[in-house]
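Secondary and tertiary structure notes
Next come the chains, spelled out residue by residue.
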Amino acid sequence: MSTLKKPIVTEKATGLNEKGQYVFEVERTANKVQIKKDIEKIYGVTVTGISTIRTNGKIKSKSTKTGQVTGRRPHGKKAVVTVKEGDVIDFYNGI
């Protein structure tokens, strides 16, 4: 099973691509060694560094007939992966 869930393709994350950095959503229990192995196996690039960020889910509220309902989105984890200079990960290749 892969520790990678999906690549994050936002304006800020796409700006990092010029520096050779890519952002992925990963399993909350994944460590840097597992993330590095998966990225090198799936994309065929050499990883030189990884930074991980644990994120808390947002608190959401909505009004219903029975009153206010409050819940929370799930917690998550992101990884910023730096690849060797000259290596490129192309997310749009199969589209």
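Scroll up to find the structure.
Let me sum up the structure you'll find in this document. Quantities reported herein were computed from a predicted structural model and do not represent experimental measurements.

Below, the discussion takes up the packing of aromatic side chains. Think of a pair of aromatic rings as described by two things: how far the centres are apart, and how the planes are tilted against each other in angle. The tally for this structure, following the rule as stated, stands at one aromatic pair. Taking the centre distance of 5.7 Å and the plane angle of 40° together, the rings of F24 and Y43 count as tilted. Taken as a pair, F24 in strand 2 (residues 21-26) and Y43 in helix 2 (residues 32-43) lie far apart in primary sequence, 19 residues in all. Taking relative accessible area as the criterion, F24 reaches 1% and is therefore assigned buried.

Mapped onto the fold, E85 is located in the segment after strand 6 (76-83). Separated by 39 residues in sequence, E85 and T46 place their C-alpha atoms 9.0 Å apart.

Quick look at the sheet that holds strand 3 (residues 47-55) now. Across the sheet, four strands lie side by side as 1-2-6-3; this open sheet has antiparallel pairing. Strands at the two margins of the open sheet, each flanked by one partner only, are strand 1 (4-7) and strand 3. The sheet shows a mean angle of 30° between the axes of neighbouring strands, taken without regard to direction. Of the pairings in the sheet, the one linking strand 2 to strand 6 comprises six bridges and is antiparallel in character. By the bridge assignment, F24 is partnered in strand 6 with A79. Helix 2 rests against strand 1, strand 2, strand 3 and strand 6 of the sheet, and its axis sits at about 125° to strand 3.

Here we come to the side chain of D38. Relative to the elements of secondary structure, D38 occurs in helix 2. Buried and without a salt bridge, D38 has K41 as its closest oppositely charged side chain, separated by 4.8 Å.

The next subject is the pattern of salt bridges. Enumeration over the complete set of coordinates arrives at two salt bridges. Here K5 makes a salt bridge to E25, at a shortest N to O gap of 4.0 Å. In this pair, K5 is assigned in strand 1 and E25 in strand 2, connecting sequence segments 20 residues apart. Across the pair K6 and E25 runs a salt bridge, and its minimum N-O distance is 3.8 Å. Placement of the pair is K6 in strand 1 and E25 in strand 2, with a sequence separation of 19 residues. Relative accessible area serves as the criterion here: at 47%, K6 is assigned to the partly exposed category. Judged by relative accessible area, E25 falls into the partly exposed class, the value being 24%. Put simply, K5, K6 and E25 are held in one network by salt bridges that share partners.

The rules behind these values
- Residues numbered from 1 in each chain as written.
- Predicted model: local features only at pLDDT ≥ 70, side-chain atom pairs only at ≥ 80, totals over all residues.
- Heavy atoms only, no water.
- Phe/Tyr/Trp six-rings, centres within 6.5 Å; stacked < 30°, edge-to-face > 60°.
- Helix = DSSP H or I, 4+ residues; strand = E, 2+ residues; numbered from the N terminus.
- Buried < 20%, exposed > 50% of the residue type's maximum accessible area, 1.4 Å probe, protein only.
- Pairing = 2+ DSSP bridges.
- Axes fitted to C-alpha atoms, helices over the stretch in contact; angles between N-to-C directions.
- Contact = heavy atoms within 4.5 Å.
- Lys, Arg positive; Asp, Glu negative; His and termini not counted.
- Salt bridge = Lys/Arg side-chain N within 4 Å of Asp/Glu carboxyl O.

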